[in-house]
Structures are given as structure tokens and as C-alpha cells.
Amino acid sequence: MNGKFLGLLLLGALSAGTLAAKDYLVSTRHTSLLIKADEGKQARFQYYGTKIAENEIDGIYNADLAYWAETYPCFGISSYGEKAFAVAHSDGNMSVDLVVEGVRQYSDEEADITEITLKDKVYPLVVKQYYKAYKGTDVISTWVEITNNAKKALTLYKFASASLPVKRADNWLTHFHGTWGAENMMEEEKLTNGQKVIANKEGIRNTQTDNPSFMLTLDGCPQEENGRVIGASLAWSGNYLMKIIADNSRINVIAGINEEVSHYILEPKETFVTPELAMTYSSEGKGGVSRAFHRWARAYKLNQGNKERDILLNSWEGVYFNVNQEGMDQMMKDMSAMGGELFVMDDGWFGDKYPRNDDKTSLGDWTVCKEKLPEGIGGLLASAKKHNIKFGIWIEPEMVNTKSELFEKHPDWVLSQDNRPLTTGRGGSQVVLDLTNPEVQDFVFGVVDKLMTEYPEIAYIKWDANAALMNYGSHYLPSQKQSHIYIEYHRGMNKVLERIRAKYPNLVIQACASGGGRVNYGFLPYFNEFWTSDDTDALQRIYMQWGVSNFYPSIAMASHVSANRNHQTGRVLPLKYRFDVAMSARLGMEIQPKDMTDADKAFAGRAIAAYKKIRPVVQFGDLYRLVSPYDKKGIASLMYATPEKDKAVLFVYKTEHFLNQLMPDVVLSGLDENKTYRITDLTPENEQKPSALNGKVISGKILKEAGLSVASALRAEYSSLALLFEVVD
Ligand code: DGJ
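Residues numbered from 1 in each chain as written. Predicted model: local features only at pLDDT ≥ 70, side-chain atom pairs only at ≥ 80, totals over all residues. Heavy atoms only, no water.

### Some points on the overall build of the protein chain
And step 1. For the protein chain, the helix and strand inventory stands at 13 helices and 37 strands.
And step 2. At 27 Å, the protein chain has a C-alpha radius of gyration in line with the 27 Å of a compact globule built from 729 residues.
And step 3. Referenced to the eigenvectors of the C-alpha coordinate spread, the extents of the protein chain come out at roughly 75 × 70 × 45 Å.
And step 4. In the protein chain, buried positions account for 63% of the 729 residues.
And step 5. As presented, the protein chain carries roughly 26,600 Å² of accessible surface, and 50% of it is formed by carbon and sulfur atoms. (Helix = DSSP H or I, 4+ residues; strand = E, 2+ residues; numbered from the N terminus. Rg over C-alpha atoms; globule rule 2.2 N^0.38 Å. Buried < 20%, exposed > 50% of the residue type's maximum accessible area, 1.4 Å probe, protein only. Areas by Shrake-Rupley, 256 points an atom, 1.4 Å probe, with all protein chains shown as cover.)

### Here we look at empty space enclosed by the protein
And step 1. Using the criterion set out here, one finds five cavities of 30 Å³ or more in the structure.
And step 2. Together, 13 residues line the largest cavity, and I542, Q545, W546, S584 and L638 are the ones closest to its centre.
And step 3. Counting residues per element, the ones that place at least two in the lining of the largest cavity are α10 (538–548), β32 (622–627) and β33 (635–641).
And step 4. The greatest single-element share of the lining of the largest cavity, amounting to three residues, is contributed by α10.
And step 5. A domain-level breakdown of the lining of the largest cavity finds at least three residues from each of domain 2 (312–620) and domain 3 (624–727). (1 Å grid on protein atoms, 1.4 Å probe; cavity = no way out; pocket = protein on both sides within 12 Å on 5 of 7 lines; lining within 4 Å. Points joined across faces, edges and corners; volume = space filled by probe spheres on them. Domains from an automatic or database assignment.)

### Description of the sheet that holds strand β37 (residues 720–727)
And step 1. Spatially, β32-β33-β34-β37-β35-β36 is the arrangement adopted by the six strands of the open sheet, whose pairing is antiparallel. If you trace the sheet from one side to the other, it starts and ends with β32 and β36 (697–699), each paired once. With direction set aside, neighbouring strand axes in the sheet form an average angle of 25 degrees.
And step 2. Taken together, the five bridges between strand β35 (residues 676–681) and β37 define a ladder with antiparallel strand orientation. By the bridge assignment for β37, D681 is matched with L723.
And step 3. Lying on the sheet, helix α12 (residues 598–620) is in contact with β32, β33, β34 (647–654) and β37; it crosses β34 at an angle near 85 degrees. (Pairing = 2+ DSSP bridges. Axes fitted to C-alpha atoms, helices over the stretch in contact; angles between N-to-C directions. Contact = heavy atoms within 4.5 Å.)

### A closer look at the domain arrangement of the protein chain
And step 1. Each domain of the protein chain was delimited in the assignment, giving domain 1 (8–301), domain 2 (312–620) and domain 3 (624–727).
And step 2. Here the C-alpha centroids of domain 1 and domain 3 sit 39 Å apart.
And step 3. Facing nine residues of domain 1, the contacting portion of domain 3 comprises five residues.
And step 4. Linking domain 1 with domain 3 are one salt bridge.
And step 5. The salt bridge partner of R625 is E224, with a shortest N-O separation of 3.0 Å.
And step 6. Between domain 1 and domain 3 we count three residue pairs in polar contact (both at pLDDT 80 or more) in total.
And step 7. Looking at the side of domain 1 that touches domain 3, the elements with two or more residues in it are β13 (185–190) and α3 (285–301).
And step 8. Element by element, the count of residues in the side of domain 1 that touches domain 3 is highest for α3, at four residues.
And step 9. Each residue belonging to the side of domain 1 that touches domain 3 can be placed in one class, and the counts come to two nonpolar, three polar and four charged. (Salt bridge = Lys/Arg side-chain N within 4 Å of Asp/Glu carboxyl O. Polar contact = N/O pair within 3.5 Å; in protein donor to acceptor, adjacent residues only side chain to side chain. Nonpolar A, V, L, I, M, F, W, Y, C, P; charged D, E, K, R; others polar.)

### Description of helix α11 (residues 575–582)
And step 1. Most of α11 sits out of view: eight of its eight residues are buried.
And step 2. Inspection of α11 places L575, K576, Y577, R578, F579, D580, V581 and A582 among the buried residues, and these make up the whole buried set.

### Side note on the layout of surface pockets
And step 1. Its volume calculated, the largest pocket comes out at about 650 Å³.
And step 2. Lining the largest pocket are 28 residues, and of these V273, T274, P275, N494 and Y526 sit closest to its centre.
And step 3. Residue assignment for the lining of the largest pocket shows that the elements contributing at least two residues are β8 (125–134), β20 (271–273) and α9 (485–503).
And step 4. Broken down by element, the lining of the largest pocket gets its largest block of residues, five residues, from α9.
And step 5. Counting only domains with at least three residues in the lining of the largest pocket, you end up with domain 1 (8–301) and domain 2 (312–620).
And step 6. Put simply, the second largest pocket is a space of about 490 Å³.
And step 7. What lines the second largest pocket is a set of 25 residues, among which G364, D365, W366, T367 and K450 lie closest to the centre.
And step 8. Going through the elements one at a time, α6 (376–386), α7 (405–409) and α8 (438–454) are the ones with two or more residues in the lining of the second largest pocket.
And step 9. With six residues, the single largest contributor to the lining of the second largest pocket is α8.

### Points about the packing of helix α5 (residues 325–337) against α6
And step 1. Running from N to C, α5 and α6 point in directions that differ by 25 degrees, and their axes come no closer than 9 Å. When the interaxial angle is binned, α5 and α6 end up roughly parallel. The way α5 lies across α6 gives a crossing that is right-handed. Across from Q325, M328, D329 and M332 in α5, the residues of α6 making contact are G376, G379, L380, S383, A384 and K386. (Parallel < 35°, antiparallel > 145°, perpendicular 65-115°, else oblique. Left-handed = near helix turned anticlockwise from the far one by under 90°.)

### Comments concerning the packing of aromatic side chains
And step 1. One pass over the full model with this rule turns up 33 aromatic pairs.
And step 2. Pairing W296 with Y521 gives two aromatic rings, centres 5.0 Å apart and planes at 70 degrees, and the pair type is edge-to-face. Within this pair, whereas W296 is found in helix α3, its partner Y521 is found in the loop between β28 (508–511) and β29 (529–531), the two being separated by 225 residues in sequence. Grouping residues by exposure puts W296 and Y521 together as buried. (Phe/Tyr/Trp six-rings, centres within 6.5 Å; stacked < 30°, edge-to-face > 60°.)

### Notes on the site of the ligand
And step 1. Close contacts around the ligand come from 13 residues, with D346, D347, K462, D464 and D534 the closest.
And step 2. Within the side chain of D347, a nitrogen or oxygen atom sits 2.6 Å from an oxygen atom of the ligand.
And step 3. At 3.0 Å from an oxygen atom of the ligand is found a main-chain nitrogen or oxygen belonging to G515.
And step 4. Here the ligand loses 98% of its free accessible area of 290 Å² to cover by the protein chains.
And step 5. By residue class, the composition of the shell around the ligand is four nonpolar, three polar and six charged. (Near = heavy atom within 4 Å.)

### Brief notes about the pattern of salt bridges
And step 1. Applying the stated criterion across every chain yields a total of 43 salt bridges.
And step 2. Across the salt bridge formed by K481 and E267, the nearest N and O atoms sit 2.9 Å from each other. With K481 in the loop between β27 (460–463) and α9 and E267 in the loop between β19 (264–266) and β20, the pair connects residues that are 214 residues apart, well separated along the chain.
And step 3. Taking the relative accessible area as the measure of exposure, K481 reaches 15% and is therefore buried.
And step 4. Here K301 and E276 are joined by a salt bridge, their closest N and O atoms 2.7 Å apart. Note that K301 is positioned in helix α3 and E276 in the loop between β20 and β21 (277–282), a separation of 25 residues in sequence.
And step 5. Under the relative-accessibility criterion, K301 is labelled buried at 10%.
And step 6. One network of salt bridges, with partners in common, ties together D347, R356, D359, K360 and R426.

### Here's the deal with the packing of α8 against α9
And step 1. Taken N-terminus to C-terminus, the directions of α8 and α9 make an angle of 25 degrees; their axes are 9 Å apart at the nearest point. Classified by the angle between their axes, α8 and α9 sit roughly parallel to one another. The way α8 lies across α9 gives a crossing that is right-handed. Every residue of α9 that contacts α8 at Q441, D442, V444, F445, V448, D449 and T453 is listed here: G492, K495, V496, R499, I500 and K503.
And step 2. Its residues placed into classes, the contact of α8 with α9 shows five nonpolar, three polar and five charged.

Here is the structure:
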């Protein structure tokens, strides 16, 4: 019996404890990752791909598939390759040589965990590397915990979460670039040799530039349901860096916190924990990667990921800062009459000394503006009760305006430098609170706590953040640790969020950051959803939501029906089109209902009723992206299906309009070829005249293999379809 199999036997016999085994398999339902960890040697990343059994490990070596890549390459000994880790010891030596001290494999409630303890050969420096296989999913996450056991501090210059080797082939990279109002636009490119960097250095809205997520294909052009793809997302809400380094032999991905201007002084006995890099592998194309992330998110990385979301009206685009009791009451009444379940009062409700009438004042003063709301929040809650609708409220607790009582009282609570004037953001007066400071953390926690203690009926909070981290300087951190600000800000934030969640586990909270600036798995575990973008134009949303859907589930993707003409793009779109787009995610409205015609209100009522019917399918179903808007085929189409494939919802949108244009048939995935389905038109503009497809009965085999022609149904410009497929008994 060779050493490896003896090791594996021992592994089976012991559930925890240091083992002598050399090859360690980390497996999920359909994937495996293989690490070689010989005591006294460097740990090697050998394989990540389709699931293998322990008796197939030899096959990986026999097929010459093993990478032999260091799991955590360190600076200072070998010269070759990109490093994940670099430090300066207290004596000035800048080298690290980590070797395996031991490996433990154990399980907890959510995962099977492999913990590899690496130790420097000379210095008392320990790095524990983790691989966590989440139960019931296909996601494995990895991170490290770095402990300084020396008597003096050392400095961390590089501290990636992971180094991931990927097979070099005809690889394509998919990532999600953006800017304000056009977040998460999908980019796909053939990977050429050299370095590709996906990064953010903004400090707070870390997904306004690129999302910290990517997919890499292993065999050519990305496809939705075919091909081998690796997908990864970094669970961090601050500055991040993902480097994809390709040469003729190998791809290496280094991912973690962006270390630029963030070198970290690690005190004796202190442990630095990096964020998780969550990964999956799928042989079912990008769709397989997305579905794996969605399932994982709903089970582990989203607050109440298994609870249906309410249909809401948000006041922002309806009234902007013009908030008052009568106006809010009217919006609640109108939304409730259309079947809505929740009303959210956005910006403009607060500020006692300085009423919040625009974006120049009052952030920090979270008391009701009595001029606008003489009956206070109590009056609003009474309205909500009267109209049988839940009530939610907007806050931006990390921020302060220089014209505010908070700033007058605590100028030192703001990130700033003593010897330079303040640079301000939004409204020419917005600055950022110093969340590294525990007093500020108490204050921010207190904003939520005070609201919820006084008004426990509040059902929803929209948590906004509209500034970059400016004026890099903390009055709380010591001078030699100013380089910790970007990191400590988010650690401080997480402490606040932990406290909020411990006390208010059921409160629904939306993560908003000037729109989609915080769509990341560092922030989301504390939130129920995110605001996808300030751009509510339904046509542009098709592209953005498509991008977001690659890693984030529809249940978390807030999508609102807004006014005609759209306030951001000026586009005029049919109400049906706007609803059909919003209904493909977490449906809401962001419109002044009193400006809607009776016919529009009646349509909205019917669409909301239809969404209630399909809500479990959209919010918990499996997503299949069918026709990409990025392929410029004149239409875009996606669908959701229950895991049992007894119900599915199909959305089709016309994205271009020409006479006699070519239009592809929509071939439906996610159905059962042995079942037969009846179609219902969910959102006919005229109830008496549903789509000609309404009521049609078609076999799953035809729908999956031949598809559905939508050309006749989509003759008009900006026409769309929302169709329900139900199994016929
Ligand atoms: C930015 C958000 O993205 C908007 O939805 C809105 O809440 C405004 N802030 C309010 O100031």
C-alpha cells in the first residue's frame, strides 16, 4: 500500500486532527479540488474540476493533469511567478518560506473544511489556508489566516486570499465592468498572454467599476449551457485586486484585498484574516456557474435567502427630496390599491436644524424633519397601517454633510487630515465617517437601533452610500497605522452589521451605493438585496441585470418600474415592457402613482398579481439565460424553472426594431423533455387579447430542441413577453 492510500485510509478513520495524508480531496456535489500537502514541503494545488473519487486521485497524476502549483506562493525564495504573499520581518528580512506543518479536515453545520497549517521554516510566522466546501452546493471558498508569533510586529505587503492555477487553453474571460448608471456590463474577451487586472480602489462603492467576479472558460468561447468554466467571486466590500496572469503554459489567478497603499502592520499574536474567494467549476457553461452561485447565495450568503421578497414602491423617482406626510400617504394608498406590499420612503425625510431639501445638508442628523413630517414616523406608520402596507425608510449612516449638527459636534469623526482642507463629495458637502473608530461604529449602529427601538414596525431599511473614501486620514488610528484605513473601514462596517443582524435578524435591508456600488458577497450576507443601478431604464436594465445575474441571484436584484419618459435616459417604453423587465428580478416600482392613468394603474395591478403567482419561480428557481442582449440578435431572453421543472417563466424582450428583421427562435432550457406544458400570457396589455401563445400546449421536447418562434408576438418596437409554462397533467 503506498503512502497516499494509507493516508486516505487514515483520513477516513479520523474526522479531525492532524493527519499524515498527502493528497487531500475537497469535494462538493459535482466538483473536486485536490491539494498535495506533504509535511515539511510546500503545499501544492493539483486539480480543480469535475468530481473525482478518492480512488481516482492516481488518475489525475497518470493523466498528467496535476498543476504542482504552490497553494500560497510567497515572495523571497524563488524568483519565478506572481506571489500571493510578501512581508517584511522585524529584522528587515523580506523572505518567506512556508511549508506544511499539518492538515485537518472537519465539518461544521455549513461545510466540510480542509485546513492546511503552513509555517515558515525560520520565522515564527503561521499561515492557515482554508478550503471550505459548502454543503449542498458546488461552491468551495478559500482564504488564509496569517498569525505573527514573533515578539515584534511584521509588515504585510501582499496578502491575497488565494492563488488559483487554471489550465491554459483557448481561455475566455468574462467580467463585469461598469460605472454609475451602467454597472455590471458584461465584458467577454479571449485571454491573451500577459496580465489582466480587475480591481477597485474607490474605498466604499467597490462594484461601481468592476465586480470582483470573473469566469474563465477552459475550452473556447463562453457558452451558456456548454463548456467547462471556472467562476470566482471575492467576498469583500472594500478595495480588491484580481490578477489573471497568462503565459504559454499556465494561468494563475491571484485574488484578494487590494494591497495598494494598504500595507498592514501585524502585531505579535495578531491574526489577519483575508476574505473568502468563492469558486465553482461547471461543465454546463456559464449557466452552470451562475446557478451554483445563486443556490449558494440563497443558502448561505444572503440574509433570509429563502424568504419571498415584498413588492414595493420606492418614493425616490416619484418625489425625490419632496417628502411630506400627505405625499407619502397618497403613495402608500395608491401602491396598496395596485396590490403592492411595502412602501419605502427614500431620501429627504430628516434634518431638524437643517432640513434635508437637497443633497447639500443634513446627513448625520437622523431625526425627522418636522416641517415636512409634523406627525413624525409615527404618522407614516399610521398611514401604512391604514392602507394595509408595510413601511420602510432610507438612511445613509456612514456619511455626514458638513452642514449638519453631527459634523458641528464631532468634526473628528470624519475621515480627514489635520493639515489639509476637506475634499467633499456629493452636493459639495458630503464626507465619510471614520468607521475605524469604535465610537463612530456605535453611532452608526445607533442610527438603525434607535429607529427600530422607537418604531419596531419598520419593515425595511434602504442603506445607501454615496461617496468614495476621501480625505485618507483617521483621527482614531495611530500614525504608523494610517495605511490600515481601507481595511479597517470595512472591518468596522462589518462589526456594525454583525450587531445589527444579531439584534434584527428579520429586518429587510437593501444595500445601495449610488445604485449598484455594493453588489458583492462581502456585504450581502448582512443584506436581503441590492439596488442594482440608479438607471431604471428597462432597456438598459436588460444588459445590466444580465451581467449581475452571472453571479447574483434574482431574489436579491431590485428592479423597479419607473416613469415614462425615463428620468435617466429619456427613453419612452411601454408599461408592459417596463414591468416585464422588472418582473424578471425582485419587482418594485419607483414612480409617482398619481401621475399614472387609470388604465396604467389597472395594468400595474394585474402585473403585480401575476408576479405574486410566479414569485417563487423567479425568486427561488434556476436561471437559464437563453438569448444574450450582448449578442445583438434583436431580442434578449431568459427563463426561470423550478428544480422539479413543473413550472417555468420565460421573458423575451425586443431590443432592436427593424422591418423584416431576423429574429432567432427561443430554445428553452430547464424544461423536462418528457413533460408537456401549457402557456399563460402573464402580462397581456389588453386582458381580452392575450398573446397568440396564450393557452398553447407544447411538449418539453419541442420547446427544448426546436424552441418557440416569437417573431409574430414581437412585431412592435419595444414589445416583450412574460409567459408562464405549467405542466399539463
Ligand atoms: C442614491 C440611490 O442610489 C438612489 O436610489 C437614491 O436613494 C438617492 N441616493 C437618494 O439620495
